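Structural overview for review
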Amino acid sequence: MTRNGHGRTSAVLAPLCAVLAAVTAVVAAGCSPAADGPQADGPQAAAPGKQRDLTYAEQITVERGEEILVGTCMRKHGFRYWTGLIASVADRQGHGYVLTDVAWAKRYGYGRELRERAERARLAHRNTAYARKLTERDLVRYNEALDGTLDKGVVKVELPTGGTVWTPRDGCRATAMKELYGDLPTWFRAKKTAQSLTALYAPDIVADPRFTRAVHAWAACMREAGHPYATPREIREKRPLITKGMNRDSARATEVRLAVAEATCATGTPLARTARTLERRLRSEKLRPYRDDIATFRRMSLTALARARDLQAGPATP
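Residues numbered from 1 in each chain as written. Predicted model: local features only at pLDDT ≥ 70, side-chain atom pairs only at ≥ 80, totals over all residues. Heavy atoms only, no water.

Looking only at helices and strands, the protein has 14 helices and three strands in total. Taking all 318 residues of the protein together, the buried fraction comes to 46%. For the protein, restricting intrachain contacts to residue pairs at least 6 apart in sequence, the fraction spanning at least 24 positions comes to 73%. Carbon and sulfur atoms form 52% of the exposed surface of the protein, whose accessible area is close to 15500 Å². (Helix = DSSP H or I, 4+ residues; strand = E, 2+ residues; numbered from the N terminus. Buried < 20%, exposed > 50% of the residue type's maximum accessible area, 1.4 Å probe, protein only. Contact = heavy atoms within 4.5 Å. Areas by Shrake-Rupley, 256 points an atom, 1.4 Å probe, with all protein chains shown as cover.)

Written out as structure tokens, the structure reads:
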């Protein structure tokens, strides 16, 4: 079983990340935690002791530590549990408005193989096989032990962008978060607030004339490369049609060529640079009311990282 997001989302917010991925000018994931500035390869490490976002590699360390704690808790409930699937650094890249990492694009195109590999791993995972073999009654107990129940109460957060997210207060995932972060309600509130803030400034980036001019320059570069697309979003909308009817190898080669051109033009024109500049400015203007939430998110993330390292995060013992 894959890790869940440790939170349920109201119907109003269900499409939020999909919308942001289409409009945000950030080259990192549109729904990633807040950062000082957009980075092509994800959050970057800073000097020790400085409040910052975790790098992708550090996020993996925390998630692995969390899985160790979940496994310990599940065994106390009488169930077997193996470390759940954790996305690699490569899996976490390539989800923003435009690709900017040419090396990643050459290797993965638009990530089709990464997604297929993740799905195969999910279906073949020992937790999935184990859960399938449980009786209906035991499967209910298993899921309640893992993800908690509503009758034990929930932590609910009203987001700055509208809508509500919530997560159960009990269950092994909640227990693991308490052990790693120290305080579940504070952590959940800070995390979900920080992760939702892109929506407060992304529309202003897209509407800025400087960004519009940068997109036009990118489109001109793409036309010269033989790919007449007006925006990166258009590529994402038309990609299934572009490779329709092709065999697997041809489809992959076509996607890689297109992805490499997209990334090359993003860095060879003002697009990526303009997006970063505008985001830094707009974040400083729009996110002042949420500085405390961002600071709490970063502080608790770094605390969890230290605790996860102390656990010597690795494959959990079944």
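Let's shift gears to the nonpolar core. In this structure, Val62, Val70, Met74, Phe79, Tyr142, Leu180 and Tyr181 are the most contacted members of the largest nonpolar core, which totals 35 residues. Of all the secondary structure elements, the ones that give two or more residues to this core are α2 (56–76), α5 (126–132), α6 (136–147), β2 (154–158), α7 (172–181), α8 (184–195) and α14 (291–310). Counting residues per element, this core draws most heavily on α7, at six residues. Listed in part, the 34 residues of the second largest apolar core include Ala105, Tyr110, Ala261 and Leu271. (Core = buried A, V, L, I, M, F, W, Y, C linked by side-chain atoms within 4.5 Å.)

One pass over the structure, following the stated rule, counts 21 salt bridges. A salt bridge links Glu237 to Arg233; the shortest N-O distance between them is 3.2 Å. Separated by four residues within a single helix, Glu237 and Arg233 lie in helix α11 (residues 232–242), roughly one turn from each other. (Salt bridge = Lys/Arg side-chain N within 4 Å of Asp/Glu carboxyl O.)

Its location among the elements puts Ala190 in helix α8. For Ala190, the residues in contact, after removing those within four places along its chain, are Asp293, Thr296 and Phe297.

Attention now goes to the state of the cysteines. Tallied over the full model, the rule gives two disulfides. Shown here is the disulfide that connects Cys73 with Cys172, its sulfur atoms set 2.1 Å apart. The sign of the -75° torsion about the S-S bond sets the Cys73-Cys172 disulfide as left-handed. Placement of the pair is Cys73 in helix α2 and Cys172 in helix α7, with a sequence separation of 99 residues. (Disulfide = S-S within 2.5 Å.)

Below, the discussion takes up the packing of α2 against α7. Packing of α2 against α7 leaves a shortest axis separation of 8 Å and a crossing angle of 125°. The angle between the axes of α2 and α7 places the two elements in the oblique class. Crossing angle aside, the handedness with which α2 passes α7 is right-handed. Of α7, the residues touching α2 (which contributes Val62, Gly65, Glu66, Glu67, Leu69, Val70, Cys73 and Met74) are Cys172, Arg173, Thr175, Ala176, Met177, Glu179, Leu180 and Tyr181. Partitioned by chemical class, the residues of the contact of α2 with α7 number ten nonpolar, two polar and four charged. (Axes fitted to C-alpha atoms, helices over the stretch in contact; angles between N-to-C directions. Parallel < 35°, antiparallel > 145°, perpendicular 65-115°, else oblique. Left-handed = near helix turned anticlockwise from the far one by under 90°. Nonpolar A, V, L, I, M, F, W, Y, C, P; charged D, E, K, R; others polar.)

The next point concerns the environment of Pro185. Checked against the element boundaries, Pro185 lands in helix α8. A relative accessible area of 22% places Pro185 in the partly exposed class. For Pro185 and Val157, which are 28 residues apart along the polypeptide, the C-alpha to C-alpha distance reads 8.9 Å. The contact partners of Pro185, leaving out residues within four places of it in the chain, are Val155 and Arg169.

With that settled, consider the packing of α11 against helix α12 (residues 248–268). Interhelical geometry of α11 versus α12 gives an angle of 175° and a closest axis separation of 12 Å. Viewed along their axes, α11 and α12 adopt a mutual orientation that is roughly antiparallel. In this structure, α11 contributes Pro232, Ile235, Arg236, Arg239 and Ile242 to the contact, and α12 contributes Thr254, Glu255, Leu258 and Glu262. The class makeup of the residues in the contact of α11 with α12 is four nonpolar, one polar and four charged.

Before going further, it helps to spend a moment on the packing of aromatic side chains. Applying the stated criterion to the full structure yields seven aromatic pairs. Considering the side-chain rings of Tyr130 and Tyr142, the 6.0 Å spacing of their centres and the 55° angle between planes classify their relative orientation as tilted. Here Tyr142 lies in helix α6 and Tyr130 lies in helix α5, a separation of twelve residues in the sequence. For Tyr130, a relative accessible area of 18% puts it in the buried group. The buried category is assigned to Tyr142, whose relative accessible area is 0%. With a centroid separation of 3.8 Å and an interplanar angle of 5°, the aromatic rings of Tyr181 and Trp187 are classed as stacked. Residue Tyr181 is classed as buried on the basis of its relative accessible area of 10%. By way of ring pairs, the aromatic residues Phe79, Trp82, Tyr130 and Tyr142 are connected into one cluster. (Phe/Tyr/Trp six-rings, centres within 6.5 Å; stacked < 30°, edge-to-face > 60°.)

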